[in-house]
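# Commentary on secondary and tertiary structure
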Amino acid sequence: MRLRNVRGSRETIAESEYCIKDYEGHKGKWKELFGNDNPIMIEIGMGKGTFIMEMARTNPDINYVGIEKYSSVLVRALEKRTNEPELRNLLFIRMDAEFIEDAFSKDEVAGIYLNFSDPWPKDRHSGRRLTSPKFLSRYDNILAKDGLITFKTDNVSLFDFSLESAKESGWTIVNETRDLHGSVYNEGNIMTEYEKKFSELGNKICRMVISRHF
Ligand code: SAM
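Let me begin by describing the structure that accompanies this report. Values in this document were obtained by computation on a predicted structure and should not be read as measured data. (Residues numbered from 1 in each chain as written. Predicted model: local features only at pLDDT ≥ 70, side-chain atom pairs only at ≥ 80, totals over all residues. Heavy atoms only, no water.)

### So, the site of the ligand
The immediate surroundings of the ligand are formed by 19 residues, with Gly45, Glu68, Ala97, Thr192 and Tyr194 found nearest. In the environment of the ligand, a nitrogen atom lies 2.8 Å from a nitrogen or oxygen atom belonging to the backbone of glycine 45. Separating a nitrogen atom of the ligand from a side-chain N or O atom of aspartate 96 is a distance of 2.9 Å. Taking 600 Å² as the accessible area of the ligand by itself, protein coverage stands at 95%. Taking a 2 Å distance to the grid points as the criterion, the majority of the atoms of the ligand fall inside the largest pocket. Tallied by class, residues from the shell around the ligand come to nine nonpolar, four polar and six charged. (Near = heavy atom within 4 Å. Polar contact = N/O pair within 3.5 Å; in protein donor to acceptor, adjacent residues only side chain to side chain. Areas by Shrake-Rupley, 256 points an atom, 1.4 Å probe, with all protein chains shown as cover. 1 Å grid on protein atoms, 1.4 Å probe; cavity = no way out; pocket = protein on both sides within 12 Å on 5 of 7 lines; lining within 4 Å. Sits in = over half its atoms within 2 Å of the grid points. Nonpolar A, V, L, I, M, F, W, Y, C, P; charged D, E, K, R; others polar.)

### Overview of the sheet that holds strand β3 (residues 90-94)
Across the sheet, seven strands lie side by side as β3-β2-β1-β4-β5-β7-β6; this open sheet has mixed pairing. With one partner strand each, in any of the chains shown, β3 and β6 (172-177) form the two edges of the open sheet. Averaged over all neighbouring strand pairs, the angle between strand axes comes to 15 degrees, with direction disregarded. The sheet contact formed by strand β5 (residues 143-153) and strand β7 (residues 206-211) spans five bridges and is antiparallel. Note on β7: the bridge partner recorded for isoleucine 149 is isoleucine 210. Those strands touched by helix α3 (residues 50-58) are β1 (40-44), β2 (63-68), β3, β4 (109-115) and β5, and its axis lies near 175 degrees from that of β2. The strands touched by helix α7 (residues 156-168) are β5, β6 and β7; relative to β7, the strand with the most contacts, the crossing angle is about 10 degrees. (Pairing = 2+ DSSP bridges. Helix = DSSP H or I, 4+ residues; strand = E, 2+ residues; numbered from the N terminus. Axes fitted to C-alpha atoms, helices over the stretch in contact; angles between N-to-C directions. Contact = heavy atoms within 4.5 Å.)

### Examining unusual backbone geometry
In this model, phenylalanine 116 sits at a positive phi of 50 degrees, which is unusual for a non-glycine residue. The phi torsion at tryptophan 120 lies on the positive side, around 40 degrees, for a residue other than glycine. Structurally, tryptophan 120 can be placed in the loop between β4 and α6 (133-140). Taking the relative accessible area as the measure of exposure, tryptophan 120 reaches 28% and is therefore partly exposed. (Buried < 20%, exposed > 50% of the residue type's maximum accessible area, 1.4 Å probe, protein only.)

### Notes on the pattern of salt bridges
Here the structure, examined in full by the defined rule, presents nine salt bridges. Of the charged contacts in the structure, one is a salt bridge between aspartate 96 and lysine 69, with a shortest N-O distance of 3.5 Å. Taken together, the residues aspartate 96 in the loop between β3 and α5 (100-103) and lysine 69 in the loop between β2 and α4 (71-82) connect sequence positions 27 residues apart. In this structure, arginine 76 engages glutamate 79 in a salt bridge whose closest nitrogen and oxygen atoms are separated by 3.0 Å. Pair noted here: arginine 76 and glutamate 79 are both in helix α4, with a separation of three residues, about one helical turn. Since its relative accessible area comes to 39%, glutamate 79 is described here as partly exposed. Through salt bridges with shared partners, a single ionic network connects Glu54, Arg57 and Glu84. (Salt bridge = Lys/Arg side-chain N within 4 Å of Asp/Glu carboxyl O.)

This is the structure:
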């Protein structure tokens with residue numbers, strides 16, 4: 001994602017009730033923050049938040065937390081979020097996913113979405129990919145036993161890497177497709193911003209769903 005510094009984004013985030021600053025203090029207590037016992041699902045690298053906002057609208061009985069590393073991107077999601085105060089089930093964190101275990105405790109997360117994660121094409125940067133074994137082991141520490149990770153991308157090399165990484169790390173491939181929009185798995189699919197952009201260019205969308213127990 002091309003990043004442009006957005007003036008005032010840090011201040012907007014600091015002031016917003018929808019962006020949780022002291023996420024470490026809420027570790028293990030997200031249900032209290034949402035005020036109910038509904039499951040908590042997260043999207044890591046949510047960008048401008050199109051996908052997670054639609055998920056929150058569609059599934060009011062699920063709580064969502066969108067995670068984004070950059071203020072200049074998160075602020076765009078926050079603008080949209082602020083225009084829909086009636087959504088009670090959506091919060092954001094500005095953080096690098098490297099520290100995800102500081103925000104959530106064991107089994108606290110019911111599901112994880114990774115959408116069009118940055119590919120980091122150079123081998124020496126493979127550890128930064130959000131589907132690398134290092135990141136999968138972090139997710140392992142926060143995801144409920146029957147929790148799923150759903151990963152979408154149009155990048156075939158990243159998809160191949162991610163399938164290998166999952167198998168190597170002991171995860172089970174629940175299902176996979178290299179043409180999501182032409183597959184049975186497309187029913188109920190909510191498109192992300194990048195998904196719209198790349199599928200309009202004619203790129204096929206790959207998706208894998210993985211779990212640890214099956
Ligand atoms: N998920 C959105 C979509 O599908 O439209 C955005 C995809 S964009 C290519 C990837 C996003 O992930 C960017 O907004 C980037 O800043 C964020 N990101 C990359 N690495 C991250 C990390 N380590 N922790 C949190 N966010 C990250």
